[in-house]
Every structure is written in C-alpha cells, then in structure tokens.
Amino acid sequence: MPCRRCPEDLSIEELQRLLIEKRRAERQKRLERFRKSGRAVILTAPPAESNGVETMRSVQPAEAAVEVPLARSWLDRVLLGVEVLAVLGLMLIVASSVNLLEKINR
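Given the structure is predicted, the values throughout are model-derived calculations rather than measurements.

K.L.:
What should I look at first to understand a nonpolar patch on the surface in this one?
P.N.:
A contiguous nonpolar surface patch, about 590 Å² in accessible area, is contributed by Leu 80, Val 84, Leu 85, Val 87, Leu 88 and Met 91. Within the fold, Leu 88 resides in helix H2 (residues 70–105).

Dropping the structure here:
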C-alpha cells in the first residue's frame, strides 16, 4: 500500500505523476468496462511492413460473446419495429405528396 503523504509535502513533479497515474487507472477501468460490453475493441499493431507504413488491425477479444440481457433484446426489437414503421410512414407521406402534386398540376 503506498504511503499517504499530505499534498503540501509533495513536490509539483510528484503531484503531477500521481495525477497522471490516477487518470491512467481510471482510463483503464473505463476501457475494460467498454471491452466487456462490446463498445471497444483491442487494437494491435501488425509486424513491420516492408513499405514502412504502420496499420492497425482490430482484434476481437476472446470473451467477445457477451450475452445481451433479455429485456434489452426485447427493447431492441421494439425499437426496430418503431424504426420500420417510421420509414414506411415516410414513404407513405412522400407517395401521397407526389400524388397530390400530380392532381394539382392537372
């Protein structure tokens, strides 16, 4: 366990280092949570290419098969249905507008 010293006793460099370490730890926790939920993927650099251009490849983690809760899958289906109905309604509005313009032009 690191010894806790009063912030007034630490130098500016030590305070900056501690702040950087704290931010790094928080970032790692957040990334791990994102990886578990499937919102982030692990990127690995490929071996050095002959032309010197480095590219990044996406690697799916081994535990990528995260089970989606039943309530969320049900909600996703309902939202998909709403989106489909919205697109159909938009198509109906466009068709009706075209029909109305044809009647007005006669």
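K.L.:
Explain the pattern of salt bridges here, please?
P.N.:
For side chains of opposite charge, pairing can occur when their charged atoms come near one another. Per the stated rule, a full pass over the model turns up 2 salt bridges. A salt bridge links Arg 35 to Glu 32, with the nearest nitrogen and oxygen atoms 3.8 Å apart. Linking Arg 35 with Glu 32, this pair stays in helix H1 (residues 12–37), spanning 3 residues, or about one helical turn. The exposure class of Glu 32 is partly exposed, given its relative accessible area of 32%.

Rules behind the numbers
- Residues numbered from 1 in each chain as written.
- Predicted model: local features only at pLDDT ≥ 70, side-chain atom pairs only at ≥ 80, totals over all residues.
- Heavy atoms only, no water.
- Patch = residues over 30% accessible without salt bridge, like charges linked within 9 Å, V, L, I, M, F, W, Y side chains within 5 Å.
- Areas by Shrake-Rupley, 256 points an atom, 1.4 Å probe, with all protein chains shown as cover.
- Salt bridge = Lys/Arg side-chain N within 4 Å of Asp/Glu carboxyl O.
- Helix = DSSP H or I, 4+ residues; strand = E, 2+ residues; numbered from the N terminus.
- Buried < 20%, exposed > 50% of the residue type's maximum accessible area, 1.4 Å probe, protein only.

Honestly, it's all geometry; don't read function into it.
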